[in-house]
Amino acid sequence: MIEIINKSQCNGCHACASVCPKQCISMQTDNEGFLYPQVDSSKCTRCGLCEKICPVLHKKPIDETMLPKAYAAYNIDEEIRMQSSSGGLFTLFATAIIHRGGVVFGASFHDDFSVEHSFTESVEGLAKFRGSKYVQSKIGDSYKQAETFLQQGRWVLFTGTPCQIGGLYAYLRRDYDTLLTQDIICHGVPSPLVWQKYLDEKRKENKTISAVSFRDKEKGWKQFSMAITFANGIRYSKTLGVDSMMRVFLSDWCLRPSCHDCAYKTKNRHSDITLADYWGIEKVHLEMFDDKGTSLLLVHTPKGEAFLRN
Ligand SMILES: Cc1cc2nc3c(=O)[nH]c(=O)nc-3n(C[C@H](O)[C@H](O)[C@H](O)COP(=O)(O)OP(=O)(O)OC[C@H]3O[C@@H](n4cnc5c(N)ncnc54)[C@H](O)[C@@H]3O)c2cc1C
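Residues numbered from 1 in each chain as written. Predicted model: local features only at pLDDT ≥ 70, side-chain atom pairs only at ≥ 80, totals over all residues. Heavy atoms only, no water.

(A) Fine view of the packing of aromatic side chains. If you walk through the whole model with that rule in mind, you get 16 aromatic pairs. Residues Phe90 and Phe129 carry aromatic rings whose centres are separated by 6.4 Å and whose planes lie at 80 degrees to one another, so their mutual orientation is edge-to-face. Here the residue Phe90 occupies a position in helix H4 (residues 89–99), and Phe129 occupies one in the loop between strand E5 (115–120) and helix H5 (142–151), the gap between them amounting to 39 residues. For the pair Phe90 and Phe129, one class covers both residues: buried. On the basis of an interplanar angle of 15 degrees and a centroid distance of 6.4 Å, the ring pair of Phe109 and Phe214 is categorised as stacked. Here Phe109 is found in strand E4 (residues 103–109), whereas its partner Phe214 is found in strand E8 (residues 209–216), with 105 residues between them in sequence. Given a relative accessible area of 25%, Phe109 falls into the partly exposed group. (Phe/Tyr/Trp six-rings, centres within 6.5 Å; stacked < 30°, edge-to-face > 60°. Helix = DSSP H or I, 4+ residues; strand = E, 2+ residues; numbered from the N terminus. Buried < 20%, exposed > 50% of the residue type's maximum accessible area, 1.4 Å probe, protein only.)

(B) Spatial organisation of the sheet that holds E8. One open sheet accounts for three strands, arranged E8-E9-E10; its pairing is antiparallel. Looking at strand neighbours, the two that pair on one side only are E8 and strand E10 (235–239), the edges of this open sheet. Between one strand and the next, the sheet's axes are offset by a mean angle of 10 degrees, whatever the strand orientation. Sheet topology note: the strand E9 (residues 225–230)/E10 ladder contains five bridges and is antiparallel. (Pairing = 2+ DSSP bridges. Axes fitted to C-alpha atoms, helices over the stretch in contact; angles between N-to-C directions.)

(C) Representation of the site of the ligand. Taken together, 33 residues lie near the ligand, and Ser85, Ser86, Ser132, Lys133 and Ile185 sit nearest. His187 is positioned with one of its backbone polar atoms (N or O) 2.9 Å from a nitrogen atom of the ligand. Within the contact set of the ligand, an oxygen atom lies 2.9 Å away from a backbone nitrogen or oxygen of Asp277. In isolation the ligand offers 890 Å² of accessible surface; the protein chains occlude 95% of this area. Its atoms largely coinciding with the cavity grid, the ligand occupies the largest pocket. (Near = heavy atom within 4 Å. Polar contact = N/O pair within 3.5 Å; in protein donor to acceptor, adjacent residues only side chain to side chain. Areas by Shrake-Rupley, 256 points an atom, 1.4 Å probe, with all protein chains shown as cover. 1 Å grid on protein atoms, 1.4 Å probe; cavity = no way out; pocket = protein on both sides within 12 Å on 5 of 7 lines; lining within 4 Å. Sits in = over half its atoms within 2 Å of the grid points.)

(D) Layout of helix H7 (residues 192–206). The terminal C-alpha atoms of H7 lie 21 Å apart, and with 15 residues this matches the ideal 21 Å at 1.5 Å per residue to within 8%. Here H7 has its buried residues at Trp195, Tyr198, Leu199, Lys202 and Asn206. All buried residues of H7 fall inside an arc of 95 degrees around its axis, so they share one side. For H7, the exposed residues lying more than 90 degrees away from the buried face are Lys197 and Lys204. (Expected span 1.5 Å × (residues − 1). Arc of directions from axis to C-beta.)

(E) Structural detail: the pattern of salt bridges. The full count for this structure, using the stated rule, is 15 salt bridges. Note that Lys292 and Glu78 form a salt bridge whose closest N and O atoms lie 2.6 Å from each other. A residue pair is termed long-range when its members are at least 10 positions apart, and Lys292 in the loop between helix H9 (281–284) and strand E12 (295–299) and Glu78 in helix H3 (residues 78–83) qualify at 214 residues. Overall, the relative accessible area of 29% leaves Lys292 in the partly exposed class. Taking relative accessible area as the criterion, Glu78 reaches 38% and is therefore assigned partly exposed. One salt bridge in this structure joins Glu218 and Arg235, with 3.7 Å as the shortest N-O distance. Of this pair, Glu218 sits in the loop between E8 and E9 while Arg235 is found in strand E10, placing the two residues 17 residues apart along the sequence. Residue classification places Glu218 among the exposed residues on the basis of a relative accessible area of 58%. (Salt bridge = Lys/Arg side-chain N within 4 Å of Asp/Glu carboxyl O.)

(F) Focus on the state of the cysteines. Tallied over the entire structure, the rule returns zero disulfides. Counting only cysteine sulfurs, Cys13 is the nearest neighbor of Cys16, a cysteine outside any disulfide, at a range of 6.4 Å. For Cys16, a relative accessible area of 10% corresponds to the buried category. Its sulfur unpaired, Cys50 is 6.3 Å from the next cysteine sulfur, which belongs to Cys47. In this structure Cys50 comes out as buried when scored by relative accessible area, which is 9%. (Disulfide = S-S within 2.5 Å.)

(G) Molecular detail of empty space enclosed by the protein. One pass over the structure, following the stated rule, counts three cavities of 30 Å³ or more. If you add up the space inside the largest cavity, you get close to 130 Å³. If you trace the largest cavity, you find 13 residues lining it, with Cys163, Cys186, Gly188, Cys259 and Cys262 closest to the centre. Across the lining of the largest cavity, the residue classes break down as six nonpolar, five polar and two charged. Each pocket or cavity is described by its volume, and for the second largest cavity that value is around 100 Å³. Taken together, 15 residues line the second largest cavity, and the ones lying closest to its centre are Cys20, Cys24, Cys44, Cys47 and Cys50. Of the residues contributing to the lining of the second largest cavity, the split by class is eleven nonpolar, two polar and two charged. (Points joined across faces, edges and corners; volume = space filled by probe spheres on them. Nonpolar A, V, L, I, M, F, W, Y, C, P; charged D, E, K, R; others polar.)

Written out as C-alpha cells, the structure is:
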C-alpha cells in the first residue's frame, strides 16, 4: 500500500491512483497545493500494484549508450510560432498526429485557470495546449484515456513534464507502436495554490480574467512577459524579471518538493522527443535567431527519429 513518507520522493504523477484495481487511491491536496496519493485502507486489498508500478520506487533504467540527436528548429508558421513559448514545434508534431487520425494529450487551462491534462482529436483543439503553463498540471484520468485510445490502435501523442511521461509508461507497463511521447527540459513545477493566490490578487483590481499567457512575446522571446487579459479590456503585462509569479518560479521558491530532487533531469530520457527553449542559439547559430523563439529538439529513440523524418 503506497504511503508518502518523504514528499521529495513523490512527483504526483497519478500512476498509482490510475492503476489501482479497487480505485481506492485518491489524489489529495496538501497545504502547499500539491497533490499526493491517499489510500482508503478500508477498500484496499493489499495487492501491492501501486507500489510495484511507482516510477520513483522502481526506476526504469535509461539507455545511456546513445547520445540524443540535437536540433535547433522553429515552425515557419509565424502566427503559431508567436503563440508558442519557444519555436512552436509542439503544434507541428501534434498536427501530424491528428492528421494520422490520432489523439493529442497536453496541459490546458480550466475555467478558473487551474491547469489540467486533457486530450483533443482536432487541429483546432490544439490551441488550448499551446504555450507553457508554469504550474503543475493535474493528470486526472489522462493515462487511462490514453490507454483506451492505444488499445483501439490509434496514434497517441502524450506530452508533459518528464515525470508525467515516466508515470505514463509506469501505468501502461508496456510500449505501444502508436504511442509517441514528448517531454520538456523542465525547470520544475510551481504550486497550483501559489498560482491561484497570485490570480486572486490580480482579480482584486479587474475582476474577471479572460486570457493568460506566461510567455507573451510582445517584448521578444528572451524578455518574455506574463500577460493577463481581463474581461473589462484591461491588460496586465510584466516581463519575467518583474512579474511576481515568474520571479518566485525562477527563484525556485514555489516548486514541488520532488523537483529539488528530480530523477528525470537526465540527458537521455524515456520519452521519444524532448522540447525546450534553445537559449544561447545566437552564440552558435546566429542565422536561427530572430528573438521570436527557437526550439531545442532532442530525439532519443528510433521511433522519435522516424516520426521526425516523416
Ligand atoms: C513547467 C515547465 C518548465 C519548463 N522549464 C524549461 C526550462 O527550464 N528550460 C527550457 O528550455 N524549457 C523549459 N520548458 C519548456 C518550454 O517552456 C516549452 O514548453 C517547450 O520548449 C515547448 O515549446 P513549443 O514552442 O514547442 O510549444 P508550446 O506550444 O509553447 O508548448 C506546448 C507544450 O507544453 C506542454 N505544457 C504546457 N504547460 C505544461 C505543464 N504545466 N505541464 C506539462 N506540460 C505542459 C503542453 O502540453 C504542450 O505539449 C518548460 C515548460 C514547462 C511547462
